[in-house]
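# An overview of the molecular structure
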Amino acid sequence: MTDSKYFTTTKKGEIFELKAELNSDKKEKKKEAVKKVIASMTVGKDVSALFPDVVNCMQTDNLELKKLVYLYLMNYAKSQPDMAIMAVNTFVKDCEDPNPLIRALAVRTMGCIRVDKITEYLCEPLRKCLKDEDPYVRKTAAVCVAKLHDINAQLVEDQGFLDTLKDLISDSNPMVVANAVAALSEIAESHPSSNLLDLNPQSINKLLTALNECTEWGQIFILDCLANYTPKDDREAQSICERVTPRLSHANSAVVLSAVKVLMKFMEMLSKDLDYYGTLLKKLAPPLVTLLSAEPELQYVALRNINLIVQKRPEILKHEMKVFFVKYNDPIYVKLEKLDIMIRLASQANIAQVLAELKEYATEVDVDFVRKAVRAIGRCAIKVEQSAERCVSTLLDLIQTKVNYVVQEAIVVIKDIFRKYPNKYESVIATLCENLDSLDEPEARAAMIWIVGEYAERIDNADELLESFLEGFHDESTQVQLQLLTAIVKLFLKKPTETQELVQQVLSLATQDSDNPDLRDRGYIYWRLLSTDPVAAKEVVLAEKPLISEETDLIEPTLLDELICYIGTLASVYHKPPSAFVEGGRGVVHKSLPPRTASSESTESPETAPAGAPSSEQPDVIPTQGDLLGDLLNLDLGPPMGDEPEGIGGPNFVAPPAAAVPANLGASMGSGLSDLFDLTSGVGTLSGSYVAPKAVWLPAMKAKGLEISGTFTRQVGSISMDLQLTNKALQVMTDFAIQFNRNSFGLAPAAPLQVHAPLSPNQTVEISLPLNTVGSVMKMEPLNNLQVAVKNNIDVFYFSTLYPLHILFVEDGKMDRQMFLATWKDIPNENEAQFQIRDCPLNAEAVSSRLQSSNIFTVAKRNVEGQDMLYQSLKLTNGIWVLAELRIQPSNPSFTDLELSLKCRAPEVSQHVYQAYETILKN
């Protein structure tokens, strides 16, 4: 009979019976009783009352019984620490048992009992087991050290176990070496600053020797450890690559990916002129292709990793396009991933093959996949210029199929093709207009409206087409309404005499009949522009549009380099660094590729990704205002005072109501942070990130008696807007709500504006509004401008303010030195900006600690000719890194002058980072 019988009893008084059986003289009865106890424990019954009786059963030679007792002990030792001490003597005795299996079992259980009181008793037995003659015991003891370190790190260091572990790297048994490496890696991850795995060519040689003989998981530990090593030159890198390459043919996909990670990392150091470099590229393709014949889940993981590899080195798989063709029975997640890689590998050489395949996919039954396939055709047109014409004709063929969702996707991508190749394919507009009635999705309708507005002069009946959309204006989505408003204004500027009624109609619908603030505000802006300065209106609305870039979804290069170091881990599936999803930051070390050798740098392949390609995950450059829809009422666009000139609409063209502009706004927006926060007001220094004094953002006279003052703070990773609302009116204020316009860093309220009681006349209330950075992004001018709408029972009020950039500096902004050096070299010199901060009342130490409290981290410090140099890094919430070099020159005994050099891939943030430095250091 099987052991399932132990799980079927549910008698009352069972504990008492078990107690009697555990104390029986018969060995068989004892064993049966312990099995019953373990079964009860497994199904969740509390059998901790039997602790002393079970521990008594430890004194046995029977290995099966011993294992069961140890299992019980591991489960209950934490809840019964005083009782668990009873078992210590048995552990000590079992660690000297002649049977190596029992010795290993004892040491393994010791590591799993997480009770502080016991740990110090276990040091002696563990020390003996680390030097045991049997390799099975040594390998178990090595893992036990890592577990013990997690419970009590100081004890492990004091007892010298770490040195013993390092000695085990030279062990004669490969499994012991692998476990020692695994244990040291685990400990090193929780203490990134400790240099535990001090690898040198000798120890690397031992690891490579052990690599061939240990189990597959042992190989993974060793390969991961090798990936953290930086060879001293390209010869050593090549030698390691040669010895790791055989692992590519391993049956376990985890071993293959770990080997690929090591090779991808060390290839950075190899010159592209070397014959070996070409050989290595050829050897990397087959194992990656083989991974795609596994089951779908494994395929998906492999494809996510291949996606990174293709972005870093497309030449590896450039001849393997066919393996990424979609099979009819692939799950959708595999299909979409394959599609993405096909586009990344598309080039002039294979574009015909790719387009034929994509056209085939566009006739599939899976709607999501078809949409992606049509989009992919558009992306190919934008990526490979020579194929654009062929792509457009393919899209036109698809439009002729009259399949609704295919037509809609095709129109969306044709809009992008028009943006990329202006004045080239406009002949297809007539065909697009024929399908106007079938469009029912907002994105497709918006794209079609954009095309009609943009090319209104080429479409005879453009006004009729746009008027047909206007009939159901209020039923349209915001995206379509905004696009329609802009398109009609464009049409009006191109054909003013024929479309005056149409433009009046749309402006009135947008401003008077709509309750959407984005739409209202855009309507007011256009209205004002048209009524006050038609020439400016033309320049703004019909401005030259920037061409769209080739690959908008490439991962930012420094992030890509970091992700290459995490191939084969969860980070490579998420395409995010571990710091983005590992809570608490414990064990998260930022990794980077080794610096390239001089020869490999000079022969950079033209096929690799462009250095400054923007990223989809973490934008390198903030999207520009022209690319995005909707803006809150721009308060500087109020009509000029005095006589208003007659606009192009003629005398009937009504000017919109003037907006409320805070009195101090003009000055504050012009002179930046220093005026806005009135830095001379002498507010005491606060611990943590610097907080500016509250400033009046919305005066009562502009907001029917509501006065709003505020400032911004960042504490422990949370940003908040600290508001002070004062009611200077004669009526009670209720129903408060707040909304932000899109802004450069996606700042948005993380919760509603909570004013718990009605705000009576002359009453003031203080509110801290939590913010996040997951809102819509649009580049503002200036960059840190925030436009806010506040509503209450009286009206909606608008104001704008500037937030200090240091509230966006995140806590994990410290780069390690090597990555700092590599990134500094990688960022072009023209992106470097230099500033001076005069009369700073702090010395180098104080400067460093003051800046650190606002998340500007000192990476290194040195003294050059009596001047202190600080090298610093900071990271913004959207993933942009800023590197700084701060030179500190004493100007007199109590003041110093600072020279600040900033380097960043998005140079437009440098000025604001400098302002943050000045604000923090002078307050």
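Placed above this text is the structure.
A few points on the structure. Remember, predicted model here, so these are calculated numbers, not experimental data.

### Let's talk about the overall build of the protein
For the protein, the count of helices and strands is 38 helices and 13 strands. Across the 923 residues in the protein, those meeting the buried criterion constitute 54%. Across the protein, contacts joining residues at least 24 apart in sequence account for 69% of those joining residues at least 6 apart. When the accessible surface of the protein is totalled, it reaches about 40,600 Å², and 51% of it is carbon and sulfur.

### Describing the sheet that holds strand 2 (residues 706–715)
Spatially, the five strands line up as an open sheet ordered 1-2-3-6-5, and their pairing is antiparallel. Edge positions in the open sheet fall to strand 1 (695–698) and strand 5 (748–749), since each of these has one partner strand only.

### Focus: the pairing of strand 13 (residues 895–904)
Summarising burial for strand 13: eight of the ten residues are buried, a large majority. The pairing of strand 9 (residues 832–840) with strand 13 spans seven bridges and is antiparallel. If you follow Cys-840 over to strand 13, its bridge partner there is Thr-896.

### Let's talk about the sheet that holds strand 7 (residues 785–791)
Taken in spatial order, the three strands make up an open sheet running 4-7-8, and their pairing is antiparallel. Edge positions in the sheet fall to strand 4 (737–740) and strand 8 (796–802), since each of these pairs with one other strand and no more. When the angles between neighbouring strand axes are averaged without regard to direction, this sheet yields 25 degrees. Pairing geometry for strand 4 and strand 7, over four bridges, is antiparallel. Each bridged residue has a counterpart across the sheet, and for Ile-738 the counterpart in strand 7 is Val-790.

### Here's the deal with the packing of aromatic side chains
Enumeration according to the criterion identifies eleven aromatic pairs in this entry. Where Tyr-300 meets Tyr-333, the ring centres are 5.5 Å apart and the plane angle is 85 degrees; that geometry is what we call edge-to-face. Of the two residues, Tyr-300 sits in helix 19 (residues 296–312) while Tyr-333 sits in helix 20 (residues 332–345), which places them 33 residues apart along the sequence. Given the relative accessible area of 24%, Tyr-300 is considered partly exposed. Among the residues examined, Tyr-333 registers a relative accessible area of 33% and is labelled partly exposed. Cluster of aromatic residues (ring-pair linked, three or more members): Trp-697, Phe-712, Phe-799 and Tyr-803. Here the guanidinium or amino end of Lys-335 rests over the ring plane of Phe-369, the centre of that ring lying 5.1 Å away.

### Topic: helix 15 (residues 216–227)
Taking 1.5 Å as the rise per residue, helix 15 with twelve residues should run 16 Å; its terminal C-alpha atoms sit 16 Å apart, in good agreement. Among all positions in helix 15, only Gly-218, Gln-219, Ile-220, Ile-222, Leu-223, Cys-225, Leu-226 and Ala-227 are buried. On its buried side, helix 15 packs onto helix 13 (174–190), helix 14 (201–211), helix 16 (234–244) and helix 17 (253–267).

### Observations regarding the pattern of salt bridges
For the structure shown, the criterion picks out 37 salt bridges. The salt bridge partner of Arg-375 is Glu-443, with a shortest N-O separation of 2.9 Å. Of this pair, Arg-375 sits in helix 22 (residues 367–383) while Glu-443 sits in helix 26 (residues 442–454), and the two are 68 residues apart along the sequence. Residue classification places Arg-375 among the partly exposed residues on the basis of a relative accessible area of 28%. Classification of Glu-443 as partly exposed rests on a relative accessible area of 37%.

### A look at helix 36 (residues 817–826)
If you check which residues of helix 36 are buried, you get Met-819, Phe-820, Thr-823 and Trp-824. Down the axis of helix 36, the smallest arc covering the buried residues is 130 degrees, so these residues share one side. Summarising the geometry of helix 36, the exposed residues directed more than 90 degrees from the buried face are Arg-817, Gln-818, Leu-821 and Lys-825. With a side-chain oxygen lying 3.2 Å from the backbone nitrogen of Gln-818, the N-terminal cap of helix 36 falls on Asp-816.

### Focus: the nonpolar core
Counting residues in hydrophobic clusters, the biggest one holds 216 residues, and the most contacted among them are Tyr-72, Leu-126 and Phe-418. For Tyr-72, the contacting residues outside a window of four places in its chain are Val-37, Ile-38, Met-41, Val-47, Ser-48, Leu-50, Phe-51 and Val-54. Ala-703, Ile-738, Val-788 and Val-909 belong to the second-largest nonpolar core, a separate cluster that totals 66 residues.

### A closer look at a negative patch on the surface
A contiguous patch of negative charge on the surface is contributed by Glu-464, Glu-467, Glu-471 and Glu-501. Assignment of secondary structure puts Glu-471 in the loop between helix 27 (462–470) and helix 28 (478–494).

### Overview of the side chain of Asn-784
Within the secondary structure, Asn-784 sits in the loop between strand 6 (764–772) and strand 7. A distance of 3.0 Å separates the side chain of Asn-784 from the backbone oxygen of Tyr-803, its partner in a polar contact.

Thresholds applied
- Residues numbered from 1 in each chain as written.
- Predicted model: local features only at pLDDT ≥ 70, side-chain atom pairs only at ≥ 80, totals over all residues.
- Heavy atoms only, no water.
- Helix = DSSP H or I, 4+ residues; strand = E, 2+ residues; numbered from the N terminus.
- Buried < 20%, exposed > 50% of the residue type's maximum accessible area, 1.4 Å probe, protein only.
- Contact = heavy atoms within 4.5 Å.
- Areas by Shrake-Rupley, 256 points an atom, 1.4 Å probe, with all protein chains shown as cover.
- Pairing = 2+ DSSP bridges.
- Axes fitted to C-alpha atoms, helices over the stretch in contact; angles between N-to-C directions.
- Phe/Tyr/Trp six-rings, centres within 6.5 Å; stacked < 30°, edge-to-face > 60°.
- Lys NZ or Arg CZ within 6 Å of the ring centre and 35° of its normal.
- Expected span 1.5 Å × (residues − 1).
- Salt bridge = Lys/Arg side-chain N within 4 Å of Asp/Glu carboxyl O.
- Arc of directions from axis to C-beta.
- Polar contact = N/O pair within 3.5 Å; in protein donor to acceptor, adjacent residues only side chain to side chain.
- Core = buried A, V, L, I, M, F, W, Y, C linked by side-chain atoms within 4.5 Å.
- Patch = residues over 30% accessible without salt bridge, like charges linked within 9 Å, V, L, I, M, F, W, Y side chains within 5 Å.
- Lys, Arg positive; Asp, Glu negative; His and termini not counted.
- Charge placed at Lys NZ, Arg CZ, Asp CG, Glu CD.

Just geometry here; none of it tells us what the structure is for.
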